[in-house]
Amino acid sequence: MPGQFGLNAGVVPSPGLTYANLALNYSASSLNDANGNHRPNVVGTYGFWADENIFYFVLKKKILGASFAPYISVNVANGSLVADISGTNLGASGGGSGFGDLWVQPVNLGWHLKRADIVAGYAFVAPTGRFVAGASNNVGSGYWGNDLTFGTTVYVTKNKGTSLNLSTDWETHGQKTGTALTPGKTFTTEWGAGQVLPLKKDFSRLLQLGVIGYDQWQVSANSGTIGNLPASSVPFYSVHAVGLQSNFILPPKNLNFFFKYLNEYKAISRPEGRTIVFGGSWTLRIPKPAAPKP
């Protein structure tokens with residue numbers, strides 16, 4: 001799901017244990033066709049909540065000059081769909097809730113450079129969420145996924161207050177359980193430009209504001225079949241969004257709270273809506289850092 005990153009895309013937590021909670025809400029009331037036009041004959045609403053519980057363990061020891069920062073995300077989700085096709089008696093409805101698919105990133109390396117932070121890794125998605133072919137209350141995707149991830153934060157100013165950020169995700173999918181469908185590959189980018197503003201002279205409270213966005217494309221055709229139709233006949237989808245992000249950071253307490261709002265301004269062969277993300281993170285630093293000298 002796009003909307004995961006934004007500002008500080010190349011930064012990994014400090015050595016120790018970090019817990020992050022990320023709540024994401026997506027909602028849409030329009031469906032776009034293969035030309036990006038709203039389909040006026042399809043009316044209804046589509047939306048879901050996802051709550052991600054993310055656990056990082058960052059080693060103090062470097063690997064290839066980088067921090068080793070593997071993590072796992074345990075996810076809970078619920079969603080609903082109500083739709084009708086005007087002029088017909090055709091419609092659709094559905095919804096479900098429960099544990100979603102599990103994200104595991106066993107390889108995650110972060111390099112801390114003089115004017116940039118870079119992170120690269122590999123993750124897989126395990127289909128732990130409920131999925132039954134043809135059911136209307138599925139929570140999971142029904143397939144194994146593989147992701148190659150990359151993120152970078154470039155510091156424009158010497159004091160690192162102004163930053164430019166970019167993250168990417170190359171995603172491949174396995175065959176959906178109980179079906180003959182294998183979804184096509186997906187490429188996602190998220191970007192952002194941010195500015196840190198100290199709220200106290202000793203930098204113990206920081207406010208970070210920025211402009212963010214995401215872009216996602218299906219980059220290869222579906223394979224297999226959907227019912228009696230070839231899956232490759234389904235048009236490729238894409239979506240583009242822009243929005244704002246704010247972070248409230250308490251460095252002495254290793255706390256960070258964030259809020260993001262993104263509005264989708266173009267979508268092809270999929271719903272067009274808006275994304276809201278909020279949450280926070282806390283790091284138990286190991287070893288505990290020494291108190292600053294007077």
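Look up: the structure comes first, before these words.
All of these numbers come straight from a predicted model, not from anything done at the bench.

Conventions we followed
Each chain has its residues counted from 1, running along the sequence as written. Selection of residues for local features in this predicted model requires a pLDDT of at least 70, selection of side-chain atom pairs for listing and counting requires 80 or more, and totals for whole chains, interfaces and linings are taken over all residues. Hydrogens and water are ignored here; the side-chain numbers use all heavy atoms of the structure. The helix and strand labels rest on DSSP assignments: H or I over at least four residues marks a helix, E over at least two residues marks a strand, and numbering proceeds from the N terminus. Both definitions apply: the radius of gyration is a C-alpha atom measure, and the globule rule equals 2.2 Å times residues to the power 0.38. Only protein chains enter the area calculation, which uses a 1.4 Å probe; residues under 20% of their type maximum are buried, those over 50% are exposed, and those in between are partly exposed. Ring pairs are drawn from Phe, Tyr and Trp, using the six-membered ring of Trp, whenever the two centres fall within 6.5 Å, and their geometry is named by plane angle: stacked under 30 degrees, edge-to-face over 60, tilted for the rest. Nine residue types can take part in a nonpolar core, namely buried Ala, Val, Leu, Ile, Met, Phe, Trp, Tyr and Cys, and a core is a set of them joined through side-chain atoms within 4.5 Å. Whether two residues are in contact is decided by their heavy atoms: any pair within 4.5 Å suffices. Each pair of strands is called paired provided DSSP finds at least two bridges between the two strands. Each reported salt bridge corresponds to a side-chain nitrogen of Lys or Arg within 4 Å of a carboxyl oxygen of Asp or Glu.

A. Structural view of the overall build of the chain. In terms of regular secondary structure, the chain is built from 0 helices and 18 strands. Taking 19 Å as the expected radius of gyration for a compact globule of 294 residues, we find that the chain reaches 21 Å, a close match to that expectation. Based on the C-alpha atoms only, the size of the chain along its principal axes is roughly 75 × 35 × 30 Å. Relative to its full complement of 294 residues, the chain shows a buried share of 41%.

B. The arrangement of the packing of aromatic side chains in detail. Enumeration over the complete set of coordinates arrives at 9 aromatic pairs. A centroid spacing of 5.2 Å and a plane angle of 45° characterise the contact between Tyr19 and Phe55, whose relative ring orientation is tilted. Of this pair, Tyr19 sits in strand 1 (residues 16-31) while Phe55 sits in strand 2 (residues 42-58), and the two are 36 residues apart along the sequence. Exposure remark for Phe55: the relative accessible area of 41% places this residue in the partly exposed category.

C. Structural view of the nonpolar core. In this structure, Leu22, Leu24, Tyr26, Tyr214, Leu262 and Val277 are the most contacted members of the largest nonpolar core, which totals 14 residues. Breaking this core down by element, the ones donating at least two residues are strand 1, strand 13 (206-218), strand 16 (238-250) and strand 17 (255-268). Looking at which element gives the most residues to this core, the answer is strand 1, with 4 residues. The contacts of Leu22, once residues within four sequence positions are left out, are Gln4, Ala50, Asp51, Glu52, Phe258, Val277 and Phe278. Counting 6 residues, the second-largest nonpolar core is a separate cluster that includes Ile54, Tyr71, Ala123 and Val125.

D. A look at unusual backbone geometry. Even without glycine at this site, Phe203 takes up a positive phi of about 60°. Turning to its location among the elements, Phe203 is positioned in the loop between strand 12 (186-198) and strand 13. Despite not being glycine, Asn254 has its phi angle at roughly 55°, a positive value. Looking at the element boundaries, Asn254 is found in the loop between strand 16 and strand 17.

E. Layout of the pairing of strand 10 (residues 162-173). When strand 9 (residues 145-155) meets strand 10, the two strands line up antiparallel, connected through 11 bridges. Opposite Asp147, over in strand 10, you have Glu171 as the bridge partner. Between strand 9 and the antiparallel strand that follows it, strand 10, lie 6 residues; Lys160 among them carries a positive phi value of about 65°. Here strand 10 runs beside strand 12; their pairing, made up of 10 bridges, is antiparallel. By the bridge assignment, Leu164 is partnered in strand 12 with Ala193.

F. Representation of the sheet that holds strand 14 (residues 223-226) within the structure. Across the sheet, 3 strands lie side by side as 11-14-15; this open sheet has antiparallel pairing. Single-partner strands in this sheet number two, and they are strand 11 (181-182) and strand 15 (229-230). In this sheet, strand 15 lies alongside strand 14 in antiparallel orientation, the contact comprising 2 bridges. Among the inter-strand pairings, Thr225 is bridged to a residue of strand 15, identified as Pro230.

G. Expanded view of the pattern of salt bridges. Considering all chains together, one arrives at 1 salt bridge under this definition. The salt bridge partner of Arg270 is Glu264, with a shortest N-O separation of 3.4 Å. Using a relative accessible area of 15% as the deciding quantity, one classes Arg270 as buried. Classification of Glu264 by relative accessible area gives buried; the value is 3%.

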